[in-house]
Amino acid sequence: MLVSVIIPAYNTEEYIGKCLCSVCTQTYSNLEIIVINDASTDGTLDIIKSFEAKDNRIILIDQPTNKGNGIGRNTAIRQAKGKYIMFVDSDDTLRSNAIEKLVDVVKTNFTDVVFLGYTMVKYDKKGNITLKRDYLPKVRGDESAEQLFKCFLTHQKNVNIQCWSNFTRRQLLIDKEIFFDESGHYLEDNIYAARLYLNINTFSFIKESLYDYTVRVGSIMHSYTRRTIEGRIHAVLQVKDMLKEKGVFEQYKDVYTYFFVVSGFMMSFLDCVRMESPDSEVIKFLKELSQNVVIKNFYFVKLDLPYEVNNNGISESNYKRTKSLVHFVSNGFRFAYMYYRVLFKISKSLRPVIRRMTHVA
């Protein structure tokens, strides 16, 4: 069975060699390796070409202008010939037997998607590892597609947004038109993940880390700018449009409300707090958003959420803490902004606050 590995790359000359090496040396060899160079301005393209010269499984798509990961990945999906697709970011790596284990699952149990665990590896400016932590799917294995989608919207059970956290049947993506957003906004993984979770019927899990996710200084996912906030808001609104287009918005209305408030408003607020320099327009926008009727009423409305205390779901106590946090920000935005700004400058971390909202272990 042919597997297509899709790797978008932009200015990652320090990492792309290690990434390609981890893919080219997989114990499962029936691969096509599609690498999209998104008009890199460093030595990334030269490194890709050096690997291409040694491995005829590598297919290079060299985009002359920078178009973003979404367009590059979509081009590769349409061009791919593999039965299954594995996405890999150019600064990350696969465990040596990752694809072999994933293929074994789909051969044994034909399924649309296999979800896998990963290890987050965080580095400081000198390249030293400062954190290494496994994130494995916390599922029973008998969840329905509806339950899985609710876990995605409520940040539960390590059901992730990242496209590299799943091994997906290519024909499903084509038939259901599950592609990445091409608007140029950041965080396009959110939109892709929502489309995927809304369209899968069968799925499996590997509760094992098969992927090493690199958190590097300056990466988009760990820098806080106006564009990251715009991307977050864009993704949340796109998910609402998807639910309405499929005629299931009422079915997911409560969990979407939670998603809108936490992922859209509060995470954007905390991104704003962590911006290197305050952006008055962003602050003004979020202050106005804090007065949105859904956010203002969040503290008082009882949502029907998937409370599964014994299965790492949203507990009643966690939900109340989240509601109180949102209430605090929406009722005293300027004070809350200054409070968390000072807190962040002192500790350089807002992780405890984020844990209170998303219940991440």
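Quantities reported herein were computed from a predicted structural model and do not represent experimental measurements.

**Focus on the overall build of the protein**
Right, so step 1: When its secondary structure is counted, the protein shows 14 helices and nine strands.
Right, so step 2: In terms of C-alpha radius of gyration, the protein reaches 20 Å, essentially the compact-globule figure of 21 Å for 361 residues.
Right, so step 3: Its C-alpha atoms give the protein principal-axis dimensions of about 60 × 45 × 35 Å.
Right, so step 4: Expressed as a percentage of its 361 residues, the buried residues of the protein come to 56%.
Right, so step 5: Put simply, the protein shows about 16,200 Å² of open surface, and 50% of that area lies on carbon and sulfur atoms.
Right, so step 6: For the protein, the separation between the mean place of its 49 positive charges and that of its 41 negative charges on side chains is 6 Å.

**Things to note about the nonpolar core**
Right, so step 1: I7 and F269 are the most contacted members of the largest nonpolar core, which has 113 residues in total.
Right, so step 2: No other element matches helix α9 (residues 253-273), which puts 13 residues into this core.
Right, so step 3: Those residues in contact with I7 that sit more than four places away from it in its chain are I16, C19, L20, V23, I33, I34, V35, I36, V88, D89 and S90.

**Examining the packing of aromatic side chains**
Two numbers describe a pair of aromatic rings. These are the distance of the centres and the angle of the planes.
Right, so step 1: Using the criterion set out here, one finds 30 aromatic pairs in the structure.
Right, so step 2: Centroid distance F328 to F335: 6.1 Å. Interplanar angle 85°. Geometry classified as edge-to-face.
Right, so step 3: One aromatic cluster is present, formed by F115, F149, F152, Y197, F203, F205, F249, Y252, Y256, F259 and F260 through successive ring pairs.
Right, so step 4: In this structure, K54 is placed above the aromatic ring of F51, and the distance from its NZ or CZ to the ring centre is 5.1 Å.
Right, so step 5: The ring of F249 has K244 lying over it, and the distance from NZ or CZ to the ring centre is 5.5 Å.

**Comments concerning the environment of V5**
Right, so step 1: Assignment of secondary structure puts V5 in strand β1 (residues 3-9).
Right, so step 2: When residues no more than four places from it in sequence are discounted, the contact partners of V5 are V23, L31, E32, I33, I34, M86, V88 and I99.

**Brief notes about the packing of helix α7 (residues 188-199) against helix α8 (residues 226-245)**
Right, so step 1: One can describe the packing of α7 onto α8 by two numbers: an axis separation of 9 Å at closest approach and a directional angle of 25°. By the angle class used here, α7 and α8 are roughly parallel. Of the two elements, α7 crosses α8, and the hand of that crossing is right-handed. Contact residues: N190, I191, A194, R195 and L198 in α7; H234, A235, Q238, V239, M242 and L243 in α8.
Right, so step 2: In terms of residue class, the contact of α7 with α8 is built from seven nonpolar, three polar and one charged.

**Observations regarding the side chain of E143**
Right, so step 1: Here E143 is to be found in the loop between β7 (129-135) and α5 (145-153).
Right, so step 2: By relative accessible area, which is 7% here, E143 ends up buried.
Right, so step 3: Here K157 takes part through its side chain, which lies 3.3 Å from a polar atom of the side chain of E143.
Right, so step 4: Among all residues touching E143, those that are not within four sequence positions of it are K157 and F203.

**Focus: the pattern of salt bridges**
Right, so step 1: Under the counting rule described, the total for this entry stands at 14 salt bridges.
Right, so step 2: Through salt bridges with shared partners, a single network forms among R73, D89, E188 and D189.

**Section: a nonpolar patch on the surface**
Right, so step 1: Together, F328, F335, Y339 and L343 line one region of the surface with nonpolar side chains, adding up to about 380 Å² of accessible area.
Right, so step 2: Looking at the nonpolar patch element by element, the count peaks at three residues for helix α13 (residues 333-347).
Right, so step 3: With respect to the element layout, L343 can be found in helix α13.

What counts, and at which threshold
- Residues numbered from 1 in each chain as written.
- Predicted model: local features only at pLDDT ≥ 70, side-chain atom pairs only at ≥ 80, totals over all residues.
- Heavy atoms only, no water.
- Helix = DSSP H or I, 4+ residues; strand = E, 2+ residues; numbered from the N terminus.
- Rg over C-alpha atoms; globule rule 2.2 N^0.38 Å.
- Buried < 20%, exposed > 50% of the residue type's maximum accessible area, 1.4 Å probe, protein only.
- Areas by Shrake-Rupley, 256 points an atom, 1.4 Å probe, with all protein chains shown as cover.
- Lys, Arg positive; Asp, Glu negative; His and termini not counted.
- Charge placed at Lys NZ, Arg CZ, Asp CG, Glu CD.
- Core = buried A, V, L, I, M, F, W, Y, C linked by side-chain atoms within 4.5 Å.
- Contact = heavy atoms within 4.5 Å.
- Phe/Tyr/Trp six-rings, centres within 6.5 Å; stacked < 30°, edge-to-face > 60°.
- Lys NZ or Arg CZ within 6 Å of the ring centre and 35° of its normal.
- Axes fitted to C-alpha atoms, helices over the stretch in contact; angles between N-to-C directions.
- Parallel < 35°, antiparallel > 145°, perpendicular 65-115°, else oblique.
- Left-handed = near helix turned anticlockwise from the far one by under 90°.
- Nonpolar A, V, L, I, M, F, W, Y, C, P; charged D, E, K, R; others polar.
- Polar contact = N/O pair within 3.5 Å; in protein donor to acceptor, adjacent residues only side chain to side chain.
- Salt bridge = Lys/Arg side-chain N within 4 Å of Asp/Glu carboxyl O.
- Patch = residues over 30% accessible without salt bridge, like charges linked within 9 Å, V, L, I, M, F, W, Y side chains within 5 Å.

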